[in-house]
Amino acid sequence: MRKPNICRAIPKQRYKLGDYTIVVLEDIESEDDIEYEYLLAAIRDGRPEPEVYITCEKSRSATATDSHAVRVYADRLGDQASGQIVDRSGWWANQDAFVSYAMTGFQQMLQLQDENPVPIT
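Draft legend 1. Broad picture of the overall build of the protein. When helices and strands are tallied, the protein shows one helix and seven strands. For the protein, the sequential pattern of α-helices and β-strands runs β-β-β-β-β-β-α-β. Taken over the C-alpha trace, the protein has a radius of gyration of 14 Å; the compact-globule value for 121 residues is 14 Å, and the two agree within 12%. Considering the protein as a whole, with its 121 residues, one finds that 40% of them fall into the buried category. Within the protein, contacts between residues at least 6 apart in sequence are counted, and of these 44% link residues at least 24 apart. The average position of the 13 basic charges and that of the 20 acidic charges among the side chains of the protein differ by 2 Å.

Encoded structure:
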């Protein structure tokens, strides 16, 4: 799986979701040609690397209605070399809206619809 090439990021929040820890990152510096607004990573308990990433990226040719793209990186996407864009909207610039949307995505992808994300303090 290709994954975001992050040099530096600040963890904003962590959540527990079933057997996964979800980490919300912001203030991201990357070697990619992508400007990340936020990034969420799902790490299965006991594993060293995230299994799924969901990113919020600033669009290059943005309008108010599509200023941000949501992209998913996961092994289960197969040969999607650069991840798969699942939505574009100005709404994703709002961190709370993006985190809520991404959590729903994690619940579906990881088959954890019966689990609710619990903030870790």
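Draft legend 2. Broad picture of the sheet that holds strand 2 (residues 20-30). Pairing within the open sheet is antiparallel, and its seven strands lie in the order 6-5-4-3-2-1-7. Looking at the sheet topology across the chains shown, the edges are occupied by strand 6 (84-89) and strand 7 (118-120). Here the strands of the sheet are splayed against their neighbours by 25° on average, with no regard to which way each runs. Here strand 2 runs beside strand 3 (residues 36-44); their pairing, made up of six bridges, is antiparallel. Residue pairing across strands places V24 opposite L40, the latter belonging to strand 3. On the sheet, helix 1 (residues 95-109) packs against strand 1 (6-17), strand 2, strand 3, strand 4 (52-58), strand 5 (68-74) and strand 6 and is oriented at approximately 30° with respect to strand 3.

Draft legend 3. Representation of the pairing of strand 1. Summarising the sheet, strand 1 and strand 2 pair through nine bridges and their orientation is antiparallel. Its bridge partner lying in strand 2, L17 is registered against Y20. Connecting strand 1 to the antiparallel partner strand 2 that follows it, the hairpin turn spans two residues, and G18 within it adopts a positive phi of roughly 60°. In terms of strand pairing, strand 1 meets strand 7 through three bridges, oriented antiparallel. In the sheet register, Y15 faces strand 7, and the bridge partner there is P119.

Draft legend 4. Structural detail: the layout of surface pockets. Of the pockets and cavities examined, the largest pocket occupies roughly 190 Å³. For the largest pocket, the lining is made up of 13 residues, of which E57, K58, S59, R60 and R88 are closest to its centre. Breaking the lining of the largest pocket down by element, the ones donating at least two residues are strand 4, strand 5 and strand 6. When the residues that make up the lining of the largest pocket are grouped by side-chain class, the tally is three nonpolar, two polar and eight charged.

Draft legend 5. Focus on the nonpolar core. Membership of the largest hydrophobic core comes to 23 residues, with the highest contact counts inside it found for I22, L40, V52, I54, F98 and F106. When residues of this core are traced back to their parent elements, those giving at least two are strand 1, strand 2, strand 3, strand 4, strand 5 and helix 1. Examining the composition of this core, we find that six residues originate from one element, helix 1, more than from any other. Excluding its chain neighbours within four sequence positions, the residues that come into contact with I22 are Q13, R14, Y15, L17, L40, A41, A42, M103 and F106. In this structure, I28, Y36, L39 and Y73 belong to the second largest nonpolar core, which totals eight residues.

Thresholds, definitions, all that
Residues numbered from 1 in each chain as written. Predicted model: local features only at pLDDT ≥ 70, side-chain atom pairs only at ≥ 80, totals over all residues. Heavy atoms only, no water. Helix = DSSP H or I, 4+ residues; strand = E, 2+ residues; numbered from the N terminus. Rg over C-alpha atoms; globule rule 2.2 N^0.38 Å. Buried < 20%, exposed > 50% of the residue type's maximum accessible area, 1.4 Å probe, protein only. Contact = heavy atoms within 4.5 Å. Lys, Arg positive; Asp, Glu negative; His and termini not counted. Charge placed at Lys NZ, Arg CZ, Asp CG, Glu CD. Pairing = 2+ DSSP bridges. Axes fitted to C-alpha atoms, helices over the stretch in contact; angles between N-to-C directions. 1 Å grid on protein atoms, 1.4 Å probe; cavity = no way out; pocket = protein on both sides within 12 Å on 5 of 7 lines; lining within 4 Å. Points joined across faces, edges and corners; volume = space filled by probe spheres on them. Nonpolar A, V, L, I, M, F, W, Y, C, P; charged D, E, K, R; others polar. Core = buried A, V, L, I, M, F, W, Y, C linked by side-chain atoms within 4.5 Å.

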